[in-house]
There are 2 protein chains.
Amino acid sequence: MSKLPTHVTLVDVGPRDGLQNEKQAVSTEDKAQLVALLQAAGLKEIEVTSFVSPKWVPQMADNAAVMAAIARQPGVRYSVLTPNLKGFESALATRPDEIVVFAAASEAFSQKNINCSIAESIERFVPVVEAAHAAGIKVRGALSCAVGCPYEGDVSADQVERVVQLMKGIGVDHLGVADTIGVGTPRKVQAAMERALKHYPLVEVSGHFHDTYGQALANIYACLELGVHHFDTSVAGLGGCPYAKGATGNVASEDVVFMFNGLGIDTGIDLDRLVDAGAFISGVLGRPPVSRVARALLAKRQG
Amino acid sequence: MSKLPTHVTLVDVGPRDGLQNEKQAVSTEDKAQLVALLQAAGLKEIEVTSFVSPKWVPQMADNAAVMAAIARQPGVRYSVLTPNLKGFESALATRPDEIVVFAAASEAFSQKNINCSIAESIERFVPVVEAAHAAGIKVRGALSCAVGCPYEGDVSADQVERVVQLMKGIGVDHLGVADTIGVGTPRKVQAAMERALKHYPLVEVSGHFHDTYGQALANIYACLELGVHHFDTSVAGLGGCPYAKGATGNVASEDVVFMFNGLGIDTGIDLDRLVDAGAFISGVLGRPPVSRVARALLAKRQG
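Calculation rules
- Residues numbered from 1 in each chain as written.
- Chains lettered and ligands numbered in written order.
- Predicted model: local features only at pLDDT ≥ 70, side-chain atom pairs only at ≥ 80, totals over all residues.
- Heavy atoms only, no water.
- Pairing = 2+ DSSP bridges.
- Helix = DSSP H or I, 4+ residues; strand = E, 2+ residues; numbered from the N terminus.
- Axes fitted to C-alpha atoms, helices over the stretch in contact; angles between N-to-C directions.
- Contact = heavy atoms within 4.5 Å.
- Buried < 20%, exposed > 50% of the residue type's maximum accessible area, 1.4 Å probe, protein only.
- Arc of directions from axis to C-beta.
- Polar contact = N/O pair within 3.5 Å; in protein donor to acceptor, adjacent residues only side chain to side chain.
- Buried area = accessible area lost by both parts, 1.4 Å probe.
- Salt bridge = Lys/Arg side-chain N within 4 Å of Asp/Glu carboxyl O.
- Nonpolar A, V, L, I, M, F, W, Y, C, P; charged D, E, K, R; others polar.
- Core = buried A, V, L, I, M, F, W, Y, C linked by side-chain atoms within 4.5 Å.
- Expected span 1.5 Å × (residues − 1).

Examining the sheet that holds strand β10 (residues 230–233) of chain A
Residue and element names in this part refer to chain A.
In step 1: Spatially, β1-β2-β3-β4-β5-β8-β9-β10 is the arrangement adopted by the eight strands of the closed barrel, whose pairing is parallel. Strand-to-strand twist in this sheet, taken as the mean axis angle between neighbours without regard to direction, amounts to 30°.
In step 2: Strand contacts of helix α8 (residues 186–199): β8 (174–179) and β9 (205–209), with the helix running at about 150° to β9, the strand carrying the most contacts.
In step 3: Along the sheet, helix α10 (residues 253–263) makes contact with β1 (9–12) and β10, crossing β1 at roughly 170°.

Here it is, written out as structure tokens:
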């Protein structure tokens, strides 16, 4: 059996990727409180907000206010999504530790989602990456639809590798392999991940899985077997409600930490406090956490 | 990377292990209809009912009626749970293909659940196994709490192996390793499974996982890596509702089939018809299926 990593790093993307996909408006104060609870639970990387047009994503309209409201802790890295140079310039003023740029592995998704080809979307990020590096800011690249696409169906590892190389070509520092619609299964995910690992070192590759079809933990385990030790997760499974049509929730941080605890892999995260953070934001949203671990542990607490 | 099995066999335990843990009474007709829909979906092994005292499990009081009502198909195996010789004798008249006996890997669970020691519980099955074999009926042994116990916490692989040997000693033909409370994670499950495989051949070992903490698919994937190709699953995740306190649902058959399809492993099961079966029984119970795959696919059907 392959040797698994002894520790992993989780990026909680709940405040950004999670809340962005929640319809109900959340106040700036509650967003800052969520970040505070996540860092209290031991998270060292948090994706805080997005500098996208409020016309497209009203939930992120208070991006600068959220960045001003969070109580930063030394040793914690705060990242923000920047879809273009204008967004980057607004973000820069809020002093993020990292920025996130993105591209799809599927042409159809790129066209439908951001109205341009994959190559064009990468071109647009050239000045963003240059500006970020000039400011000493690390650039993470999120590669969406790395296993499947809602329009094209299966996405091949060749398509993934092509976009990985484009990202590498423009100087993206870190490559996140994202199964945006949650259709991945372990061997397909490993195949995509292996293409990323041909061009990026293990320490600069991460996995981002959605639990739409319940496959996320199996996929994360399959990534561990390749040595991957960096994952995006979303507290309380923020980012999609199982009762809503087309639910596309991120894997819940609580479920992932439970698995790592069982595997004896250090995350630096206190599961009980993480459950507290998830219970807080779920309370704000007025529904139970979309995390089986959170539900089971909260039920236990109630005796 | 280890080579995975090319095909797997699923035992749908929804009609028995699933419904047994659902509070709402289900009619004999609906139970027979569920079995009909499962075999229409391609299931070749179905755990139909339990010959336990109706005093303890009212939901299974119509066991003989259900066995009489199912429309048996050639090539499908119908199993029933028999907790003792009296139960076996009642079961025998209904012509099951297999019977299921059980023991816990945890002394505390054995005492609290069936009020006797593990060794005593095994002793009681001696005449049942003998009678089954005399009637040409195969005996499956379910080893519960194989990873964790609600009273003792962690259960060691040594404890598992001890009970595996006791099962083997009384002639149990097939050994099912069951994570009854869903606390297992991949490496712990592999450790338990390896002890079963020391005493039983691959073809006579199966895994039974609960998804209480969302770990079931990762655990099944970990078992595949050991070559295990026989799993219990429960259509619609019957056997525990995520909204109820102490939910302990079986892994949903739909989620498991989705993973196997993605891995290119043949199950002989039509996922769409399996979703139909789950939608049927969930409708009877008046709630959505506890399966992420079923929910996602049903949402898609609605457009």
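Once you've had a look at it, read on.
Focus: helix α4 (residues 85–92) of chain A
Residue and element names in this part refer to chain A.
In step 1: Among all positions in α4, only Gly87, Phe88 and Ala91 are buried. Down the axis of α4, the smallest arc covering the buried residues is 100°, so these residues share one side.
In step 2: Considering only its buried residues, α4 is in contact with β3 (77–81), β4 (98–104) and α6 (118–134).
In step 3: Capping the start of α4 is the job of one residue whose side-chain oxygen sits 3.3 Å from the backbone nitrogen of Lys86: Asn84.

Some points on the interface of chain B and chain A
In step 1: Every contact between the two is made by 39 residues of chain B and, on the other side, 39 residues of chain A.
In step 2: Here chain B meets chain A over a buried area of about 3,400 Å², counting both sides, of which 59% is carbon and sulfur.
In step 3: For the interface between chain B and chain A, the tally reads two salt bridges.
In step 4: With a closest N to O distance of 2.8 Å, Asp211 of chain A and Arg292 of chain B form a salt bridge.
In step 5: Summed over the shared surface of chain B and chain A, the result is eight residue pairs in polar contact (both at pLDDT 80 or more).
In step 6: For the side of chain B that touches chain A, the secondary-structure elements that each account for two or more residues are α8 (186–197), α9 (216–224), α10 (253–263) and α12 (292–301) of chain B.
In step 7: Ranked by residue count, the leading element in the side of chain B that touches chain A is α12 of chain B, at seven residues.
In step 8: When grouped by side-chain class, the residues that make up the side of chain B that touches chain A number 20 nonpolar, nine polar and 10 charged.

So, the nonpolar core
In step 1: By size, the foremost hydrophobic cluster in this structure holds 187 residues, and its most contacted members are Phe231 and Phe260 of chain A together with Phe231 and Phe260 of chain B.
In step 2: With sequence-adjacent residues up to four places away left out, Phe260 of chain A is seen in contact with Val8, Leu10, Ile220, Leu224, Phe231, Ile265 and Thr267 of chain A.

Some remarks on helix α7 (residues 157–169) of chain B
Residue and element names in this part refer to chain B.
In step 1: The terminal C-alpha atoms of α7 lie 18 Å apart, and with 13 residues this matches the ideal 18 Å at 1.5 Å per residue to within 8%.
In step 2: When we look at burial in α7, the residues that qualify are Ala157, Val160, Glu161, Val163, Val164 and Met167.
In step 3: As for α7, its buried residues are in contact with β4 (98–104), α6 (118–134), β5 (138–144), β8 (174–179) and α8.
In step 4: One or two steps after α7, the chain reaches Gly171, where phi turns positive at roughly 95°.

That's the geometry; what it means functionally is another story.
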